[in-house]
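For reference, the chains in residue letters:
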Amino acid sequence: MRNLATIGAVVAIAGATGGSAMQEPATGAPPTAPTHLTVDDDPAPLAVTGDPAFGWTVEGPDRASTQKGYELVVSDAPSSAKHKVVFDSGTIMSDQQSYVHATALHLAADRRYWWTVRTEDADGQFGPYAADAPFDTGLGDADWNASWIRRAGTVPTVVQVGGTDLPVDDFALIRKEATVGVSPVVRARVYASAGQQYELRVNGTRAAEGPSYSYPDEQYYETTDVTKLVKAGAANAFAFVTHWATASQGRPDSPEAFIAHITIDHADGTTDVITTDATWRTHTAMWVPDGPRNDEGDLVEHVDERLDPVGWDQPGFDDSTWSPAAVLGAHPWAPFTHLVAARTHIIYESMKPVTLKPRTGGGVVADFGAVTSATPVVAVHAGVAGRAVKIVTGDALDPNGHVSTTVGHQDTDMHWDFTERSGAQELRPLGYLAFRYLEVDGASEPLTVADVTIAARHTDFPDEHAAAFQTSDPAIDAVWNLARHSALYDAQEQFLDTPTREKGPFLTDSYDVSQAAMAAFGDRMVTAQMLTGFAQSQTKYWPDGRVNAVYPNGDGKRDIPDYTMDYVAWVWKYWMASGDRDQLALEYPVARNITDYLARAIDPKTGLVTNIPGGGGDYAGGMVDWPPQMRYGYDMTTTARTTLNIIAVDDFRLVGAMAKALGKPATESTAETTRSTALTASIRTRLERPDGIFVDGLRGDGSPSPHASQQANAFAFAFGIVPAAHVQKVATIVVGLKSAMGVINYSLLLNALHDCGRDDALVTDLTDPNRPGYAQILKEGATFTWESWDARQVGDSESHGWGATVLAVLQDDVLGARVTAPGGAQIDVAVPRTAITKATGVVTTERGPVLLSWTRTVAGLETIDVTIPANVTATVHLDAATVAHVSEGGHNVVGDAGISHSAAANGDVVLTVGSGHYVFANSAPTLATVVPGSSSSSSSHAVSLALGIVAAVVVIGGLVIVGLRRRNHAS
């Protein structure tokens, strides 16, 4: 929640835009104490293992404040208490402020530590130490001292419902009651894992769910802080509901198993340790067989409350009739040979309905205002034993006011069944779906808004309010809010295809949501965990260099060529956002294997990627766009597809850039550059018509396709393939086709419009409700991004997070602030040429938030009010003919302490700016007017930026890299 104050500050800045901020000369004061301390990207992690990565935000009082060095200290207690320093780095001369490693730091397992840091500025002055921040270490495989257990008895592999054999959903209750020491509890942790998932309750209180689905040999465990729930000197009940099912979408095959290690530290220095063994008691849970939810392997939950051993999760419950747990083996036990601390954790928020309307027959329909990933919760006050209650959820209402089971249902049965017991009870399943409406049928008693609620759920981001965005155009703002909501509720244990039908982490779906989550919430943890998982898929399944299209998954080995190729861009996006060199080094060999796979698919006769191995059915040879009707006539008879060849060029460029960033031998980067240059030449020779327009590819006989799609030409712009001479021609066809790309690739269309100098067309695409796009689905009632623009008509998903990627485009190209160097060390600020007259926002970066507010008149007068974090350099563009026409705080920019360089170029004045607060204004713009929807809004400098030859210059470690496009946050 740290940026709520920041958002208020940026709103205040917006009110002051155009004001008289005075220049702020350097005071010579030392830096202030660092803030926002993190370990492994988490403000207070509970399970640090291995070599921790420390991070902080530099706070400097002066303009152009930088960090020259730091000192990092780790202790066994906060500095306010008696403590022992276990590590002191001494003075380290470095400007690095994230992913900092403490060489020679040795940490014990299952402990709490405290750390602090202070920074040194360019003048050699140290500031004060930061407030102490805690972190806990987790368990290594040798630290568990626990056994894998499961419910006693035989678990069937199939169950018969209505004469049909269905996969098994096995729910079990597992508990342990233990009396702990009388000394006050100062720290209590539950480490737990399950094949496949569990819910933790401590003394009757729900405390956690987990872990992320994974293959058993890559198994995650969750760590939960239960300090406030454990009672000293008393019996405590540690209770778990476990859920195991046969393999399915996003759910790999796994044995039914469970493990827990509980540590309770007391004020007197004593420790209680409770671990799973034969003394734990087990019982069949109150779930009974029901029908299939869809053809993805999910089953409808049916909870028979009459089977609930009421009080089973409380101390004092008599479990003498329960069976001892079946012990499978002490950890590590095959196939659970390795446990990894999860970096994702689910949190819940109870929400009441916006409206609750009674239905004929005693039922009610609740509207929660937006499609939200949630578990329904219904409070029954006077239950009747045996009475059936049905909870139906969905995304739309039928004309009669009931929740629709035919519109927006995604071929999924979105209901839950309950059988009541006598008296008061809570009807709450274990699973979740994404839905807006909830109907309760069969509960024959009055229900209020307090009785019909949902437990909305998503992963726990460090700051879900990190970013902010508001413009003069409500339609644009609605798109940003839609994208933010979708990214938040698509983020569960992983980023998902959809939280309703296919709860699996598909690669490109996840990549798209990841871009929004990094931009909106400063996510690093979910993205890094998922990148690691997809890297593991290459080792597990693909010696030829591919990666899985969805991982983990029940069908194991599965790929889509486009998705394999997107992995490289995702790695680069994360590197640019985070500056996490360790993660880049981990993924670089995977990315190199992918470019080798692409290079082997190049036909020596044409020089093009042809008949690329992978996929099948609609995905064979590359899917291009999705769903099939969203290809808008793309020529799928081609064997050398233009879109795949263009992405391959980008992958070669990016892997070459990774090699340089990691300091690899020059031969590695040169090899990739050679590949990209040769493939670019082949594309221009064989896939570009004489008039400069790109066709969809080559057919099997070597002839070019007669079709020139928006995909082919937008990709050419977005990845820097369009030569200078053909910019206007290609821009004309891209703009003229309006919206002829699916949701999955729509951000590339927007990138292309920006890169060809048509920000006016970008805004039109986003705000015109009469063409396929965000405005159209918002007009049709979307509250979550859809799988396709026609989802409501064809039954595609109405809770598909991949459309959230537009949020990053809005920050880059409408708010006009983007990261241009790894880890946010450099940013670029520019007001777009559109009919939007003002914008205000907070852009989250690795080095701190960028506060930006600007106004622009139709005559081109600009005011940019921006706050740059310490240790960051910004490039600020203003539409002005000369430097003399630009002021800061009412003064000439020349001689300003925070501005190191200023020059006029391509119709802009470009300023190089250090950290601090600035108010820039132009007095004589070069562009007189902006005419929405016309090419007159394309200034000369915007067109020059579109040239694939000279565009997108990035400096990484002193290396100039040309041609990395917006898709990769490198331009």
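Scroll up for the structure.
Reading the values: the criteria
- Residues numbered from 1 in each chain as written.
- Predicted model: local features only at pLDDT ≥ 70, side-chain atom pairs only at ≥ 80, totals over all residues.
- Heavy atoms only, no water.
- Core = buried A, V, L, I, M, F, W, Y, C linked by side-chain atoms within 4.5 Å.
- Buried < 20%, exposed > 50% of the residue type's maximum accessible area, 1.4 Å probe, protein only.
- Contact = heavy atoms within 4.5 Å.
- Helix = DSSP H or I, 4+ residues; strand = E, 2+ residues; numbered from the N terminus.
- Pairing = 2+ DSSP bridges.
- Polar contact = N/O pair within 3.5 Å; in protein donor to acceptor, adjacent residues only side chain to side chain.
- Salt bridge = Lys/Arg side-chain N within 4 Å of Asp/Glu carboxyl O.
- Axes fitted to C-alpha atoms, helices over the stretch in contact; angles between N-to-C directions.
- Parallel < 35°, antiparallel > 145°, perpendicular 65-115°, else oblique.
- Nonpolar A, V, L, I, M, F, W, Y, C, P; charged D, E, K, R; others polar.
- Phe/Tyr/Trp six-rings, centres within 6.5 Å; stacked < 30°, edge-to-face > 60°.
- Lys NZ or Arg CZ within 6 Å of the ring centre and 35° of its normal.

Draft legend 1. Highlighting the nonpolar core. Tyr567, Leu766, Ile864, Leu911 and Phe920 are the most contacted members of the largest nonpolar core, which totals 197 residues. When residues no more than four places from it in sequence are discounted, the contact partners of Leu766 are Ile476, Val479, Tyr746, Leu750, Tyr774, Ala775, Val806 and Leu810. Counting 24 residues, the second-largest nonpolar core is a separate cluster that includes Ala188, Val226, Phe258 and Trp280.

Draft legend 2. Here's a closer look at unusual backbone geometry. Going from Gly210 to Pro211, the amide bond is cis rather than trans, its omega being -10°. With respect to the helices and strands, Pro211 occurs in the loop between strand S15 (205-210) and strand S16 (219-225). A cis amide bond, omega -10°, links Trp626 with the succeeding residue Pro627. Its place among the elements puts Pro627 in the loop between strand S36 (608-609) and strand S37 (640-641). For Ala104, which is not glycine, the phi torsion reads 75° and is therefore positive.

Draft legend 3. How the structure looks around the sheet that holds strand S1 (residues 32-39). The sheet built from 3 strands is open, its strands ordered S1-S2-S6 with antiparallel pairing. In this open sheet, the two strands that pair with only one neighbour each are S1 and strand S6 (100-101).

Draft legend 4. Structural view of the sheet that holds strand S12 (residues 169-179). Spatially, the 6 strands line up as an open sheet ordered S15-S14-S17-S12-S20-S23, and their pairing is antiparallel. The open sheet has two edge strands with one neighbour each: S15 and strand S23 (323-324). The pairing of S12 with strand S20 (residues 281-284) spans 4 bridges and is classified as antiparallel. The partner of Ala172 across the bridge, within S20, is Thr284.

Draft legend 5. The side chain of Arg501, seen in detail. Following the sequence through the fold, Arg501 ends up in the loop between helix H2 (474-490) and helix H3 (507-521). Reaching out from Arg501, the side chain makes a polar contact with the side chain of Asp295 at a distance of 2.4 Å. Polar contacts involving the side chain of Arg501 include one to the main-chain carbonyl oxygen of Gln410, which spans 3.5 Å. If sequence neighbours within four positions are ignored, Arg501 has contacts with Asn294, Asp295, Glu296, Asp298, Gln410, Asp411 and Thr412.

Draft legend 6. Highlighting the pattern of salt bridges. Inspection of every chain in the model, using the stated rule, returns 51 salt bridges. With a closest N to O distance of 3.1 Å, Glu209 and Arg457 form a salt bridge. Note that Glu209 is positioned in strand S15 and Arg457 in strand S33 (residues 452-459), a separation of 248 residues in sequence. Both residues of the pair, Glu209 and Arg457, count as buried. A salt bridge links Arg792 to Glu798, with the shortest nitrogen-to-oxygen separation between them at 2.7 Å. Residue Arg792 is classed as partly exposed on the basis of its relative accessible area of 26%. Accessibility expressed as a relative area gives 2% for Glu798, which makes it buried. One salt-bridge network, held together by shared partners, links Asp110, Arg112, Asp136, Arg187, Arg189, Asp225 and Asp265.

Draft legend 7. How the structure looks around the packing of H2 against H3. Where H2 meets H3, the closest approach of the two axes is 9 Å, and the angle between their N-to-C directions is 110°. Viewed along their axes, H2 and H3 adopt a mutual orientation that is roughly perpendicular. Contacts between H2 and H3 involve Arg484, Ala487, Leu488 and Asp490 from the former and Val513, Ala516, Ala517 and Phe521 from the latter. Across the contact of H2 with H3, the residue classes tally to 6 nonpolar, no polar and 2 charged.

Draft legend 8. Focus on the pairing of strand S2 (residues 53-59). Of all the 7 residues making up S2, 6 are buried; the element is thus mostly covered by neighbouring parts of the structure. Two elements, S2 and S6, share 2 bridges in a ladder whose sense is antiparallel. When the sheet's bridge partners are listed, Ala53 is paired in S6 with His101.

Draft legend 9. Quick look at the packing of aromatic side chains. This model, assessed by the stated rule, comprises 31 aromatic pairs. Relative to Phe135, the ring of Tyr113 lies with its centre 5.7 Å away and its plane at 25°, an arrangement referred to as stacked. Separated by 22 residues along the polypeptide, Tyr113 in strand S7 (residues 112-120) and Phe135 in strand S8 (residues 133-136) bring together distant segments of the chain. The exposure class of Tyr113 is buried, given its relative accessible area of 6%. By relative accessible area, which is 0% here, Phe135 ends up buried. Ring centres 5.7 Å apart and planes at 10° place the aromatic pair Phe469 and Trp480 in the stacked group. Pair noted here: Phe469 is in strand S34 (residues 468-471) and Trp480 is in helix H2, with a separation of 11 residues, a long-range link. Just as Phe469 is buried, Trp480 falls in that class too. Taking the ring centre of Tyr215 as reference, the NZ or CZ of Lys540 above it sits at 4.8 Å. Stacked on the ring of Trp542, the Lys or Arg Lys557 has its end atom at 4.8 Å from the ring centre.

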